[in-house]
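Each chain is listed here by its residues.
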Amino acid sequence: MSVSEPNRRIKFSYQMDDWDYETGDRLLLKTNARKLIPSEYQPEMDGTLYCPACFTNLNRVPKEKEHFTNGRDAYFSHMTKFKDTKCDLKSIKPEGKKFNNWEEAKQAIDDENLVIISSFLKSKPEPKIDKPVAYDETPVEDVDGPETEVAIGRHNGESFTLPSKITTVAGLCRNFDENLYKYFHLPGKNNPIRLIDLLQNVKTISKGNDKPRLYFGRITSTSHLGKYKRPTNIRMTYLDNNMESDGVAHFTIKLTDEQQKNHGIGDHSVGRIVLMYGVITISGIGLCFESLEWGEFSLLPEKYEHLLK
């Protein structure tokens, strides 16, 4: 199942009593509401569930059971009362975001609904803290990038010059639930797209791609190659892929042990989800990521993994 499958793209709802779509403060909702997945729904929550993108009311389908008769999980769906409200989470093929003018786009940036990424960090920055912390809690470095001209206007060829960020994939993983529904303009792309629609599961990929994209995959095994286990040896980290019938024997992250260990990937990482921004290359009878830079891959904190199932 694709991350972007209609009705499965609403990974959580905001839940808040005494809030109203037509009169309520959206920032208040985003700041104070609970985030509920479909299995956490209770009947008394009817009328208090809201879409993380358009903020209109949601229903859980079906209401009474957590699964359909065919075994598929319940999901959140927009209420017909707001059927005329535009929301790209309703669309089969999301088109991305266009803006009427520079002021509207700049306001979206100021409201943290739009992020212009000029590039991902190529090398490890100098540490900003004195003591080590757990990997999933490591601060993520964002650097102000250059003013960047991006073609995100509603009229053909209309571009706006806007502030950008130089960031890391780890930055996308921090507050991942909130980032999932923000618009990101990636390097070389034509328009901003919600993160949920940018991410592609490597499980269903059967060929290389020389254009960088955002991917995610679940680690099935990992192996430090070489007799003496030096940090400069290659570590092969295998990702879940079911395209063997198309000739893909394996799908790996092929970087040094040191590079992967610095991102928290080691023998203990089986079952974890990792995000990557890069190109897919052919490696023998398999596929791989083999040229990822410092800021181009990261483990997803475990508390967010359910959002990519």
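The preceding data block contains the structure.
So, here is what we can say about the structure in this document. (Residues numbered from 1 in each chain as written. Predicted model: local features only at pLDDT ≥ 70, side-chain atom pairs only at ≥ 80, totals over all residues. Heavy atoms only, no water.)

1. Some thoughts on the sheet that holds strand β7 (residues 143-144)
With mixed pairing, five strands are arranged side by side in an open sheet as β7-β10-β6-β11-β12. The open sheet is flanked by β7 and β12 (193-194), the only strands paired with a single partner. Pairing of strand β11 (residues 183-185) with β12, which is carried by two bridges, proceeds in the antiparallel orientation. When the bridges of β12 are listed, Phe184 appears paired with Ile193. (Pairing = 2+ DSSP bridges. Helix = DSSP H or I, 4+ residues; strand = E, 2+ residues; numbered from the N terminus.)

2. Brief notes about the pattern of salt bridges
When the charged atoms of two side chains lie near each other, side chains of opposite charge can form a pair. As enumerated under the stated definition, the model contains 14 salt bridges in all. Residue Asp110 is joined to Lys106 by a salt bridge in which the shortest nitrogen-to-oxygen separation is 2.8 Å. Within this pair, Asp110 and its partner Lys106 are both found in helix α2 (residues 102-110), separated by four residues, close to a single helical turn. Here Asp110 falls in the partly exposed class, since its relative accessible area comes to 46%. One salt bridge connects Arg235 with Asp267, and the closest N-O pair in it is separated by 3.0 Å. Here Asp267 lies in the loop between α6 (257-261) and β17 (273-283) and Arg235 lies in strand β15 (residues 234-239), a separation of 32 residues in the sequence. The buried category is assigned to Arg235, whose relative accessible area is 1%. With a relative accessible area of 58%, Asp267 lands in the exposed category. One network of salt bridges, with partners in common, ties together Arg235, Asp257, Lys261 and Asp267. (Salt bridge = Lys/Arg side-chain N within 4 Å of Asp/Glu carboxyl O. Buried < 20%, exposed > 50% of the residue type's maximum accessible area, 1.4 Å probe, protein only.)

3. A look at the pairing of β15
Look at any regular strand and the pattern is simple: side chains alternate between the two faces of the sheet. The pairing of strand β14 (residues 209-224) with β15 spans five bridges and is antiparallel. Bridge assignment links His224 to a residue of β15, and that residue is Arg235. Relative to strand β16 (residues 251-256), β15 is paired through five bridges, and the arrangement is antiparallel. For Tyr238, the partnering residue across the bridge sits in β16 and is Thr252.

4. Structural notes on the nonpolar core
Counting 46 residues, the largest nonpolar core has Phe176, Leu199, Leu214 and Leu275 as the members making the most contacts within it. Among the secondary structure elements, those contributing two or more residues to this core are β3 (49-50), β6 (114-120), α3 (169-173), α5 (195-198), β14 and β17. Once you skip the residues sitting within four places of it in the chain, Leu275 turns out to touch Val169, Cys173, Phe176, Leu199, Tyr215, Phe216, Glu296, Phe297, Ser298, Leu300 and Leu308. Core analysis: the second largest hydrophobic core is formed by 19 residues, Tyr215, Leu287, Phe297 and Leu299 among them. (Core = buried A, V, L, I, M, F, W, Y, C linked by side-chain atoms within 4.5 Å. Contact = heavy atoms within 4.5 Å.)

5. Concerning the side chain of His224
By the secondary structure assignment, His224 is in strand β14. Reaching out from His224, the side chain makes a polar contact with the backbone oxygen of Arg230 at a distance of 2.9 Å. When neighbours within four sequence positions are excluded, His224 is seen to be in contact with Lys229, Arg230, Asn233, Ile234, Arg235 and Asp257. (Polar contact = N/O pair within 3.5 Å; in protein donor to acceptor, adjacent residues only side chain to side chain.)

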